[in-house]
Amino acid sequence: TVLNYPVSYLELIGTLSGLACVYLTAKEKVLCWPVGIVNLIFFFILFYQVRLYSDMLLQVFFFIMTLYGWWKWTHPKTEKDANKNKELKISRLSAQSFTLITGISLGLTAALGAFMARVHLLIPKWFSKPADFPYADAATTVFSITANLLMTVKKLECWLLWVAVDIFCVALYAVKGIYLMAAEYLIFGA
């Protein structure tokens, strides 16, 4: 238990490794990548158990991004290669582009939510129980992917989406009773 909250080892190790991963990333330590993988594995299992299936699948996306990031950090460009490519600068999306991206993300949220609302009927062997909060869970997943993709091209608006996702995750995880994760996302939002 943590402060009278009965926490599972999955949630505890997942949360602590997630916080450690963010800290190590901020310090530019390559150890952030294997620690991040620990976080993803524990959260993948936890999200399956609490029936947040979209968030579970999000861990697969983050796993692929983690492998890519780990490779990029351990295989830096040579000076010759670096001179060929100019550094990507932070930029802003036009209002029209941001509106379009948000609209597409909302459409993908609706589609993923509809799929997850029926996943127990479509794939009962793997998902014997219906998803909890399929549309809210789909929103956190789709907008996390959108924010991540915008971050990779250094679009300032990614942070608006990350903060919105963090706030939404705090509420969703609190309702689901995974309070340590909710606290972690409160920290991420801050």
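The notes below deal with the structure included here. Nothing here was measured: the structure is a model prediction, and the numbers come from that model. (Residues numbered from 1 in each chain as written. Predicted model: local features only at pLDDT ≥ 70, side-chain atom pairs only at ≥ 80, totals over all residues. Heavy atoms only, no water.)

### Notes on the state of the cysteines
Under the definition given, this model contains 0 disulfides. Lacking any disulfide linkage, Cys169 is separated from the closest cysteine sulfur, that of Cys158, by 15 Å. With relative accessibility at 2%, the residue Cys169 sits in the buried group. (Disulfide = S-S within 2.5 Å. Buried < 20%, exposed > 50% of the residue type's maximum accessible area, 1.4 Å probe, protein only.)

### With respect to unusual backbone geometry
Positioned with a positive phi, Glu28 is a non-glycine residue whose angle comes to about 55°. Note on placement: Glu28 falls in the loop between α1 (9-26) and α2 (32-49). Judged by relative accessible area, Glu28 falls into the exposed class, the value being 66%. Phi at Arg51 takes a positive value of approximately 65°, unusual for a residue other than glycine. Within the element layout of this structure, Arg51 appears in the loop between α2 and α3 (53-74). (Helix = DSSP H or I, 4+ residues; strand = E, 2+ residues; numbered from the N terminus.)

### Concerning the side chain of Asn148
With respect to the helices and strands, Asn148 occurs in helix α6 (residues 134-152). With residues up to four places along the chain from it excluded, the contact list for Asn148 reads Phe61, Phe62, Met65 and Trp162. (Contact = heavy atoms within 4.5 Å.)

### Section: the packing of aromatic side chains
Summed over all chains, the structure comprises 10 aromatic pairs. An angle of 40° between the planes, with centres 5.7 Å apart, marks the rings of Phe47 and Tyr173 as tilted. One end of the pair, Phe47, is in helix α2; the other, Tyr173, is in helix α7 (residues 158-176), and 126 residues separate them in sequence. Under the relative-accessibility criterion, Tyr173 is labelled buried at 1%. Put simply, the rings of Phe43, Phe47, Tyr173, Tyr185 and Phe188 touch in pairs and so form one group of aromatic residues. (Phe/Tyr/Trp six-rings, centres within 6.5 Å; stacked < 30°, edge-to-face > 60°.)

### Observations regarding the pattern of salt bridges
Taken as a whole, this structure holds 3 salt bridges when the rule is applied. The partner of Arg51 in a salt bridge is Asp132, and the shortest N-O contact between them spans 2.6 Å. In this pair, Arg51 is assigned in the loop between α2 and α3 and Asp132 in the loop between α5 (95-122) and α6, connecting sequence segments 81 residues apart. A relative accessible area of 24% places Arg51 in the partly exposed class. By relative accessible area, which is 16% here, Asp132 ends up buried. With a shortest N-O distance of 3.2 Å, Arg92 and Glu157 are connected by a salt bridge. In this pair, Arg92 sits in the loop between α4 (79-84) and α5 while Glu157 sits in the loop between α6 and α7, placing the two residues 65 residues apart along the sequence. Judged by relative accessible area, which is 61%, Arg92 ranks as exposed. What makes Glu157 buried here is its relative accessible area of 4%. (Salt bridge = Lys/Arg side-chain N within 4 Å of Asp/Glu carboxyl O.)

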